[in-house]
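Read off the chains here:
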Amino acid sequence: MTLADREWRLVREEARPGSLNMALDEVAARSAAEDGVRTLRVYRWEPSTLSLGYHQDPATVDWAYCEREGITVTRRPTGGGAIYHDHWSDISYSIVAPADELPGDLLESYELLCEPLFDALEGIGVEASFAEVERPALHQPACYLRALHPAHDVVASDGRKLSGNAQYRQRDAVVQHGSLTFARETERHLACFADPETAPSEFDDRVTAVRDQADANRETVVDALETALSEFGNSHEGIWSEEELTRARSLASEKYEADSWVRDGEDPT
């Protein structure tokens, strides 16, 4: 049986705090591993959040700026650099499934799970692909300013990065999540970092956004992504169970908001 033949639940876009978004991914992984529940979800971040990569040095963050601007900070279970998310400029998604239903090779499964993203972008007239050439890092702590790698970085036709995506395996499940830039918030994005080495013009030369590439509003882009995800498998409208939400709220509080995880990268659970 292929992934397209399997049953998936589609959780349409919902706004939640960053810590809860990361906790829901982890809880969905548990549901996939224990109960065979496959999840497709689209979400936004409210309030604005800086999500750190798993190995991120906390000294790279301007904590005072984030606190002053009401930007929460959490840490992802995936690697890479930090990403600034908010309720408008960012559109995020996750795909979660039992590990034994996906290719064992990380790159192969990563490319497979990126297909809905490419389908959505094609549907709104944005030409995107994996980067064809490497480009050097501009500011290593920032996801969108790290070195471009042909194996996994998603860029528009002009070679600028459009989306950051990553995958991890946990509890016999695979979680792939990604951030699609709808609109650039250059100055705010850069200000989240302590002593960024990049000027706004350099950021804009490396990073693009959907609305730079197509005449589409945010609602249209979200709809295109949800449609592409729904066509990835035999999907139905889904919601989180009360048990999942309870687990996720506890996990958000105990882990994804805890200094031991956010600042030190040590899982307190």
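It should be noted that the structure appears before, not after, this text.
Residues numbered from 1 in each chain as written. Predicted model: local features only at pLDDT ≥ 70, side-chain atom pairs only at ≥ 80, totals over all residues. Heavy atoms only, no water.

Just give me the short version of the overall build of the protein chain, but keep the residues and values in it.
Looking only at helices and strands, one finds nine helices and eleven strands in the protein chain. A compact globule built from 269 residues would reach a C-alpha radius of gyration of about 18 Å, and the protein chain, at 17 Å, matches this within 12%. Seen along its three principal axes, the alpha-carbon backbone of the protein chain occupies a region of about 50 × 40 × 35 Å. For the protein chain, the residues scored as buried account for 55% of the 269 residues in total. Pairs at least 24 residues apart make up 75% of the contacts formed inside the protein chain by residues separated by at least 6 positions. Summing over all exposed atoms, the protein chain offers an accessible surface of approximately 11400 Å²; the carbon and sulfur share of this is 44%. Of the side-chain charges in the protein chain, 26 are positive and 52 negative, and the distance between the mean point of each set is 3 Å. (Helix = DSSP H or I, 4+ residues; strand = E, 2+ residues; numbered from the N terminus. Rg over C-alpha atoms; globule rule 2.2 N^0.38 Å. Buried < 20%, exposed > 50% of the residue type's maximum accessible area, 1.4 Å probe, protein only. Contact = heavy atoms within 4.5 Å. Areas by Shrake-Rupley, 256 points an atom, 1.4 Å probe, with all protein chains shown as cover. Lys, Arg positive; Asp, Glu negative; His and termini not counted. Charge placed at Lys NZ, Arg CZ, Asp CG, Glu CD.)

Go over the nonpolar core with me, naming the residues and quoting the values.
Core analysis: the biggest nonpolar cluster contains 42 residues, and L50, C66, I71 and C192 have the highest contact counts within it. Of all elements in the fold, only α1 (18-35), β2 (39-45), β3 (49-52), α2 (63-68), β5 (83-85), β10 (173-181), α8 (242-256) and α9 (259-262) reach the threshold of two or more residues within this core. No other element matches the eight residues that α1 contributes to this core. Look past the residues within four positions of L50 in its chain and what remains in contact with it is V61, C66, I71, T72, V73, T74, A82, I83, Y84, C192 and F193. In terms of nonpolar packing, the next biggest core, distinct from the first, is built from 37 residues, L3, W8, V126 and F182 among them. (Core = buried A, V, L, I, M, F, W, Y, C linked by side-chain atoms within 4.5 Å.)

Account for empty space enclosed by the protein, with residues named and values stated.
One pass over the full model with this rule turns up one cavity of 30 Å³ or more. Along the walls of the largest cavity sit 14 residues, with Y84, S89, T181, A183 and H189 positioned nearest its centre. Looking at the lining of the largest cavity, the elements that each hand over two or more residues are β5 and β10. Tallied by class, the residues present in the lining of the largest cavity amount to seven nonpolar, four polar and three charged. (1 Å grid on protein atoms, 1.4 Å probe; cavity = no way out; pocket = protein on both sides within 12 Å on 5 of 7 lines; lining within 4 Å. Points joined across faces, edges and corners; volume = space filled by probe spheres on them. Nonpolar A, V, L, I, M, F, W, Y, C, P; charged D, E, K, R; others polar.)

Any functional reading would require information beyond the geometric quantities listed.
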